Structures are given as C-alpha cells and as structure tokens.
Amino acid sequence: MPTQNIFTTSLFNPNEFTITYELVPGQGSGGRRVEKLLEFAALAGQDGRIKALSITDNAGGHPALAPIAIGSEIRKTGIEPLLHFSLKDKNRSQIESHLFLYHRKNFNNLLVMGGDFPRISYYGQARPVFDLDSVQTLQLMRDMEEGTYRSGVKSDHPRFDPITFNRGCVVSPFKVTESEQVWQYAKFLQKTRAGAHFVVTQLGYDICKFEEFIRFLRESGISIPVLGNVFVPSLAVAKYMGKGQVPGVVFPEQLIHRMEQEQNSGNREARLVRAAKLICVLKGLGYSGVHLGGNGLSFDNVKFILDTFEELGSNWEPHRPDVHFPVADAWYLYPPARTGACGTKKTGLTPGRNNAAQRPHLITHNLLFSPPNLTSRLFGKLCMFCSRTRLRTSVLRAFERWIKGLLFHCRMCGDCTLEESTYICPQSGCPKNLLNGPCGGSRNQTCEVFPDRLCFWVRVYNRLDPRSDIEKLGSLPFMHPKNWALDQTSSWINFYNGTDHHRIKFDNNSKQ
Ligand code: SF4
C-alpha cells in the first residue's frame, strides 16, 4: 500500500473525487516563472481542493528545472507534490539513484513515463537514453519495495531496506487507429502487472474514448484509480496541437473552430466552463478524479473551474454533448452506439495483416535456436566451438554482423530480441529502443521521432499472429532490461552460453 499523504488518502478513497494540477517548470533555477508556480501552489494550498501538484520532468523533451527543486517548496503549502519521472534522460543507474533520492526526501508520489524524445539543447540535441522503459521501471520500483531487487543477471539479495512509492503510469485512450490503440491498452495491462497503483490519461476531448477506457478497465477487472486529463488550452496552443506539434496528441478540428467562434464573440470564460463541464462528465463516467492543466491559467481561472464544477452538481449527462469533440475516423474498441454512449466491445481485431513477412525468419529461428532438434544442436555446437578462441569468435561475430545487418539492420547489441518483436529489430527500428510495446508519441501510425516512418510497434502489430488480442499482448512476459555488457558481442554465442535474456526470461517472469 502506498505511503499515506493527502493525495493518496484522497486517491484511494472511492468516495472522494481527487483533483491534481500540472505545473511546468522552464529553464533556469529561479525568476518570474518559478515565482509564479510557487504563488500558484500557495493559493492552491489555501484553497484546499487540489490534492497534488504534479511537476513535469523536462516536458516536451526540453531541459528544465528538475521537479524535485520546487517539490520541497510546494510541500510547505500543504499540497503533495506528484513528481513526473521521465525515462528519456536517465540510464538505469540514474533511475535507481533518483529513486533513492526521492525516497530519502519523502517524495513518494511518482508518475512514471517514457517521455518525449529530447529536443534541441546545449549545442544541439541531447543524446536520448531510454535505458529502461516504463514497464521495466515500474517493475524495478516494485522489486525495491518487495525486497526482490536484483543486480546483474544473478539473483541477489537487496542491499538496502525496502522502499515504497505511490506509482502512477500514463495511457492514451485517444489513439485514432486500431494498431496504436490496441498497443496502448495492452501496454497499460503490462504496467498494471508491473505494479502501477494509479493511471492518468493522455489529454483528449472525445467523451466516447474517455468512457471506453473506463469500460475497458472494468471489463479487465482492474480497479486502480484513474485520473482523466482535463487540459485547458488557449486558442494558440490548440492550433499548435492541431498541427501535430505535441507528440501523441491528435487535436480535434471541431474544438479549434469552436474556440475561434468563442474568441470572436469575446467569450473569454467559455474554455473554463467547458473544463468544468468535462470534469463533471468524467466524474459521472466513474473517473476517480481529474488531472487538470493548461497554459496560461492563473489560480483564479482554476478556482473558477472548480467553483463551476461544484455548481453543476451530479447531473452530468446533459453536459456530455458540450464537451464531446471526437477526431474524424477514430477507431474505437467500443464503437459509439446511436445514443452517443459506448456500444459493445469490438470483436475481430485485425493484427497480422503482414504476418507472412516474418515466417521465413521464424522457420530459420526455430531451426537454429529451438532445441532440441538436430540443426539447433549442431548450430549450438558450432557457436560453442567458435567461442573458445578469440579468432573463431571474431569470425563468427563478423558473419553474424554481416548477415543480420543485411536482414535486420542489426546493431549487434548482443542480446537478440528479434523473436519477441516479429523479426524486426527494436535497436535499429525504434528510436526509443522500446522492448515492451510503444510509447504514446505516435500519431496516425507514424513515429514521433521520424514522422515519415511507420511506428515500429505498428509494424510489429501488422506482423503479429492474427489471433492476437489486447489480453494476449498485455499478458506477454516482460522483456527485462538489456544487459549492455553484451554490446558488440555475438548474440548467437550469448544465446548458447546462457548469458543473454533467454536465461533469465522465465525466472524473471515467474513472479508476474
Ligand atoms: S542482436 Fe540486437 S541489434 Fe541485432 S538484430 Fe538482435 S536485437 Fe537487433
């Protein structure tokens, strides 16, 4: 059970509706921007309705003041900080070190996310890290809590006292294509298996999608608290998002037109009233609370939203059409019925349309790596023979580099996961090198980093076994973090001498 504080006490009380608000620090250690965040926190503390102030971690991939810097000052206002824990800039040593630091300083509420790809910084773009993904990090945090932390590839006793966090994760119910949405839900199932205590949705304005996620949660038997994202954009930001400038966000055209009309008529409060109505609807749909945010909002704006929400009362259904802005041609797991509410769950997903592409590789893989059979025994003996001298190892490695470079753009990471990703390589194919499903940054099936390419995980979806579904994908064994000591070595030798992930895969997953 997570540590008790005003945020967790509210979040895990089914009779309370929890409100959080997102603060976005910028560059620099002080100045007017930081002062404004602290002034906001002080006013929110006096008001008392916001239970946690979340603080972003290099939001949008831009370097900014670390969240812990203002977290301690925010706590003095009586509000719990909810620190974003973004993985794009931290390798696993840094992740562990930060977890120790946060626990030491009593920052026990963390929102774990992969994070946007790094943008331009000092002398250019920072080198992206993405050493652990969100599933692996949640599992690491759970291992630290349960005393099952291990180092290296051997079981090891933890060398520190168990540490506990209130672990949050994120999900997007707002993807507009089947492949992206199915992966989002499947990865969410993995995150809950890895130990997420609560979830926050991506921003969106399609009520059917909000409702769909709640239905999916209930029908999957998951009862963790879920906070709906209520983002209040200005017209300029709405237009910016409408151009696809924010990773993973597909902003509805209809809402931009509505906001233009409101601006032309001088209705400055319209976006705040709409936010209040959205909160009211999300509460009616069964959300445990909302994660509020928006650019250029003063505390008076937020107070107005919360006051209006309270005045609206519990009769939420009449407000539903006022806050429903779907994206054209969006895919739904529960397609909306004529009434506008979620219909019945869709059957007949269409993964594996290009399944035939992986078959030759699958057959070769089974011949060479699925003991016991004659060819795999022979190939194993050849690998072990080569591993005994430096010269033979070099020859085998050069051959592996050549053939797998040609077929898979192999980077010789030494711990081959082609089998688990339908025989396309995540080290060369996914800019974030993700092993347990996609990030949230794709848009209309294209990659966040290379918008002219299909998202790696969309390609995987198209090559999957056509009988795959969300539950099967969500219950796949976790891919453990890569052991970078194997980099530039022969994955064939590592497979047969038992130093790659195959050795610990089953052991690792036995507790899931
Ligand atoms: S060895 Fe690593 S880099 Fe090479 S194909 Fe396999 S996963 Fe990709």
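Residues numbered from 1 in each chain as written. Predicted model: local features only at pLDDT ≥ 70, side-chain atom pairs only at ≥ 80, totals over all residues. Heavy atoms only, no water.

**Observations concerning the site of the ligand**
Taken together, the neighbourhood of the ligand is formed by K404, C410, R411, M412, C413, C416, T417, L418, C425 and Q427. Looking at the shell around the ligand, its residues break down into six nonpolar, two polar and two charged. (Near = heavy atom within 4 Å. Nonpolar A, V, L, I, M, F, W, Y, C, P; charged D, E, K, R; others polar.)

**Brief notes about the domain arrangement of the protein**
Taken domain by domain, the protein holds domain 1 (6–323) and domain 2 (355–509). On a C-alpha basis, the centroid separation for the pair domain 1 and domain 2 is 33 Å. Contact with domain 1, which involves 40 residues of that partner, is made by 39 residues of domain 2. Summed over both partners, the interface of domain 1 with domain 2 comes to about 3400 Å²; 55% of that surface belongs to carbon and sulfur atoms. The tally of links between domain 1 and domain 2 comes to zero salt bridges. Put simply, domain 1 and domain 2 have 22 residue pairs in polar contact (both at pLDDT 80 or more) between them. Here the side of domain 1 that touches domain 2 gets twelve residues from one element, more than from any other, and that element is helix α6 (residues 178–193). (Domains from an automatic or database assignment. Contact = heavy atoms within 4.5 Å. Buried area = accessible area lost by both parts, 1.4 Å probe. Salt bridge = Lys/Arg side-chain N within 4 Å of Asp/Glu carboxyl O. Polar contact = N/O pair within 3.5 Å; in protein donor to acceptor, adjacent residues only side chain to side chain. Helix = DSSP H or I, 4+ residues; strand = E, 2+ residues; numbered from the N terminus.)

**Here we look at the pairing of strand β8 (residues 198–203)**
Note on strand geometry: in a regular strand, side chains alternate between the two faces of the sheet. Burial within β8 is extensive, with five of its six residues counted as buried. Remark: the strand β7 (residues 166–171)/α6/β8 crossover connection has right-handed handedness. Judged from the three bridges that link them, β8 and strand β9 (residues 226–232) form a sheet pairing that is parallel. Looking at β9, one finds that V200 is bridged to L227. The parallel pair β8 and β9 is bridged by helix α7 (residues 207–219), and the resulting crossover is right-handed. (Buried < 20%, exposed > 50% of the residue type's maximum accessible area, 1.4 Å probe, protein only. Right-handed = clockwise from strand over helix to strand, strands pointing away. Pairing = 2+ DSSP bridges.)

**Some thoughts on the environment of G31**
Looking at the element boundaries, G31 is found in the loop between β1 (18–23) and α2 (32–47). Judged by relative accessible area, G31 falls into the partly exposed class, the value being 41%. Spatially, the C-alpha atoms of G31 and A196 are 35 Å apart, while their sequence positions differ by 165 residues.

**Details of the nonpolar core**
Buried together is how nonpolar side chains tend to be arranged in soluble globular proteins. One finds I50, F188 and F213 to be the most contacted residues of the largest nonpolar core, which totals 96 residues. For this core, the element with the highest residue contribution is helix α10 (residues 270–285), accounting for nine residues. Two domains each donate at least three residues to this core, and these are domain 1 (6–323) and domain 2 (355–509). (Core = buried A, V, L, I, M, F, W, Y, C linked by side-chain atoms within 4.5 Å.)

**Describing the side chain of S442**
If you trace the backbone, S442 turns up in the loop between α16 (426–429) and α17 (456–463). At 2.6 Å, the side chain of S442 forms a polar contact with the side chain of E180. When near neighbours in sequence (up to four residues on either side) are disregarded, S442 contacts K175, E180, G248, E448 and C455.

**Digging into the sheet that holds strand β4 (residues 109–113)**
Ordered by their spatial adjacency, eight strands build a closed barrel running β1-β2-β3-β4-β7-β8-β9-β10, and the pairing between neighbours is parallel. Taken over all neighbouring pairs, the strand axes of this sheet differ in orientation by 30° on average, direction set aside. By the bridge criterion, four bridges tie β7 to β8 in an arrangement that is parallel. The partner of V170 across the bridge, within β8, is V200. (Axes fitted to C-alpha atoms, helices over the stretch in contact; angles between N-to-C directions.)

**Quick notes on the packing of helix α14 (residues 374–387) against helix α15 (residues 390–408)**
The contact between α14 and α15 brings their axes to 6 Å, and the two run at 130°. As far as their axial angle goes, α15 and α14 are oblique. Contact residues: α14 offers C383, F385, C386 and S387, while α15 offers R392, T393 and L396. By residue class, the composition of the contact of α14 with α15 is four nonpolar, two polar and one charged. (Parallel < 35°, antiparallel > 145°, perpendicular 65-115°, else oblique.)

**Quick word on α6**
Between its first and last C-alpha atoms α6 spans 23 Å; for 16 residues at 1.5 Å apiece the expected length is 22 Å, and the two agree. Along α6, 15 of the 16 residues are buried, which leaves the element largely enclosed by surrounding structure. A positive backbone phi angle near 115° is found at G195, which sits one or two residues after α6. (Expected span 1.5 Å × (residues − 1).)

**Topic: the packing of aromatic side chains**
For the coordinates displayed, the defined rule picks out 26 aromatic pairs. Pairing F117 with F130 gives two aromatic rings, centres 5.9 Å apart and planes at 15°, and the pair type is stacked. One end of the pair, F117, is in the loop between β4 and β5 (120–121); the other, F130, is in the loop between β6 (124–125) and α5 (134–146), and 13 residues separate them in sequence. When sorted by exposure, F117 lands in the same class as F130, which is buried. By the ring-pair criterion, three or more aromatic residues cluster together here, those being F369, F379, F399, W402, W492, F495 and Y496. In this structure, K90 is placed above the aromatic ring of F85, and the distance from its NZ or CZ to the ring centre is 4.8 Å. Directly above the ring of F385 sits R392, whose terminal nitrogen or CZ lies 3.8 Å from the centroid. (Phe/Tyr/Trp six-rings, centres within 6.5 Å; stacked < 30°, edge-to-face > 60°. Lys NZ or Arg CZ within 6 Å of the ring centre and 35° of its normal.)

**What about unusual backbone geometry?**
For Y123, which is not a glycine, the phi torsion comes out positive at approximately 60°. The backbone of H409 shows a phi angle near 55°, a positive value even though the residue is not glycine. With respect to the element layout, H409 can be found in the loop between α15 and α16. Under the relative-accessibility criterion, H409 is labelled exposed at 57%.

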